[in-house]
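Commentary on secondary and tertiary structure
Each chain, letter by letter, is given below.
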Amino acid sequence: MDTHRRKEKSQACIRQRPFECVDAARVPVVCRRCVCSYEVVGRRHGQDVLERDVHLLSMLVGTGLAVSGCLLQGITRNPLADPGLLGINSGTGLVVVLYVLLYGTQSPLAVFTLPVLALSGAGAAALLVYLLAYKKGEGSAPIRIVMTGIAVQAGLSALTTLLVVKLDDTQY
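This structure is a prediction, so every number in the text was calculated from the model and none was measured.

1. Focus on the overall build of the protein
Within the protein, the regular secondary structure consists of five helices and four strands. Starting at the N terminus and ending at the C terminus, the protein contains elements arranged as α-β-β-β-β-α-α-α-α. Contacts in the protein between residues far apart in sequence, at least 24 positions, make up 44% of those at least 6 positions apart. As displayed, the protein has an accessible area near 11,900 Å², and 64% of this comes from carbon and sulfur atoms.

2. Concerning a nonpolar patch on the surface
Taken together, Leu 127, Tyr 130, Leu 131 and Tyr 134 make up a surface patch of nonpolar side chains, about 420 Å² in accessible area. Here Tyr 130 lies in helix 4 (residues 110-133).

3. As for the pattern of salt bridges
Within the structure shown, the criterion is met by two salt bridges. The shortest N-O distance in the salt bridge between Glu 138 and Lys 135 comes to 3.9 Å. Under the relative-accessibility criterion, Glu 138 is labelled exposed at 54%. Overall, the relative accessible area of 42% leaves Lys 135 in the partly exposed class.

4. So, the nonpolar core
Of all hydrophobic cores here, the largest spans 16 residues; its most connected members are Leu 72, Leu 86, Ile 88, Ile 145 and Leu 156. Elements supplying a minimum of two residues to this core: helix 3 (88-103), helix 4 and helix 5 (142-166). Contact partners of Ile 145, with chain neighbours within four places excluded, come to Ile 75, Thr 76, Leu 86, Val 129, Ala 133 and Ser 140.

5. Some points on the packing of aromatic side chains
Aromatic ring pairs are defined here through the distance separating the ring centres and the angle between the ring planes. Counted according to the given criterion, the structure contains two aromatic pairs. Centroid distance Tyr 99 to Tyr 103: 5.2 Å. Interplanar angle 45°. Geometry classified as tilted. Of the two residues, Tyr 99 and Tyr 103 are both situated in helix 3; the distance of four residues between them amounts to about one turn of the helix. Residue classification places Tyr 103 among the exposed residues on the basis of a relative accessible area of 60%. Both rings, one in Tyr 130 and one in Tyr 134, keep their centres 6.1 Å apart while their planes meet at 40°; by these two values the pair is tilted. According to the relative accessible area criterion, Tyr 130 is partly exposed, its value standing at 38%. The exposure class of Tyr 134 is partly exposed, given its relative accessible area of 44%.

6. Thoughts on the confidence of the model for the protein
This prediction gives the protein a mean pLDDT of 77; 68% of its residues lie at or above 70. Low confidence marks residues 17-36, where pLDDT is under 50. Its contacts with residues over four positions away, or in another chain, come to 38 contacts.

7. Focus: the packing of helix 4 against helix 5
Here helix 4 crosses helix 5 at 130°, and the two axes come no closer than 9 Å. Here helix 5 runs oblique to helix 4, going by the angle between their axes. Here helix 4 runs over helix 5; the crossing is right-handed. Between helix 4 and helix 5, the contacting residues are Ala 125, Leu 128, Val 129, Leu 132 and Ala 133 on the first element and Arg 144, Ile 145, Thr 148, Gly 149, Val 152 and Leu 156 on the second. For the contact of helix 4 with helix 5, the residue count by class is eight nonpolar, two polar and one charged.

The rules behind these values
- Numbers given for residues are sequential positions, taken from 1 along each chain in its written order.
- Per-residue local features are limited, in this predicted model, to residues with pLDDT of at least 70; the limit for side-chain atom pairs, both in listing and counting, is 80 or more; totals at the level of whole chains, interfaces and linings are taken over all residues.
- With hydrogens and water excluded, all non-hydrogen atoms of the structure serve as input to the side-chain values.
- Under the DSSP-based scheme used, a helix requires at least four consecutive residues in state H or I and a strand at least two consecutive residues in state E, with every element numbered from the N terminus.
- Every residue pair with non-hydrogen atoms within 4.5 Å of one another is taken to be in contact.
- All accessibility values rest on the Shrake-Rupley procedure with a 1.4 Å probe; residue burial counts only the protein chains present in the view.
- Only residues above 30% relative accessible area that lack a salt bridge enter a patch, with like-charged residues linked at up to 9 Å and the nonpolar side chains Val, Leu, Ile, Met, Phe, Trp and Tyr linked at up to 5 Å.
- Basic side-chain nitrogens of Lys or Arg form a salt bridge, by our definition, when they fall within 4 Å of a carboxyl oxygen of Asp or Glu.
- Think of it in three bands: with a 1.4 Å probe and only protein chains considered, a residue is buried below 20% of the maximum accessible area for its type, exposed above 50%, and partly exposed in between.
- In plain words, nonpolar cores are sets of buried Ala, Val, Leu, Ile, Met, Phe, Trp, Tyr and Cys residues tied together by side-chain atoms within 4.5 Å.
- The criterion for an aromatic pair is that two Phe, Tyr or Trp rings (for Trp, the six-membered ring) have centres within 6.5 Å, with stacked assigned to planes under 30 degrees apart, edge-to-face to planes over 60 apart and tilted to the rest.
- Confidence scores per residue from the predictor, reported as pLDDT, run from 0 to 100.
- Interaxial angle, 0 to 180 degrees, is taken between N-to-C directions of lines fitted to C-alpha atoms, where a helix line uses only the stretch in contact.
- The labels follow the angle: roughly parallel below 35 degrees, roughly antiparallel above 145, roughly perpendicular from 65 to 115, and oblique for the rest.
- Whether a crossing is left-handed or right-handed is set by the direction in which the near helix is turned from the far one by less than a right angle, anticlockwise for left-handed and clockwise for right-handed.
- Residue polarity follows a fixed list, in which Ala, Val, Leu, Ile, Met, Phe, Trp, Tyr, Cys and Pro are nonpolar, Asp, Glu, Lys and Arg are charged, and the others, Gly among them, are polar.

The following block contains the structure:
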């Protein structure tokens, strides 16, 4: 079988049965039903990480970023909107710096708690911006959301800078 037909057959197998084309006992991984193969790019928790897994994860992350960007641009009705404009980045940074200041990063739990705390800081900052921009009877206008977001971002960034100055050299 020539290389061109093998590649077409491999791609057809991936489209039809993407999770059946894995045999973790071999490196490189070869499908039992056809000639599609994947390269093992690393090991994690005793299992092979396939090139396909990395591609799938990168597509999911890209999709999440695209959706969040569309939401921000739709809410503010601004094609140049970003999380920094609404104070979301500053809320995340403030919570992470607070955690590092209080508990340090030497704890084994820091690896698991920092992303969760960062996400909660982003949500708290977004909620704060929305609550401050909301006006009873009128709702929250996009211009009010943007202006409030800029003000919240400036305040949270100032607090973060103040806390970073207070950190010792051993804390980060």
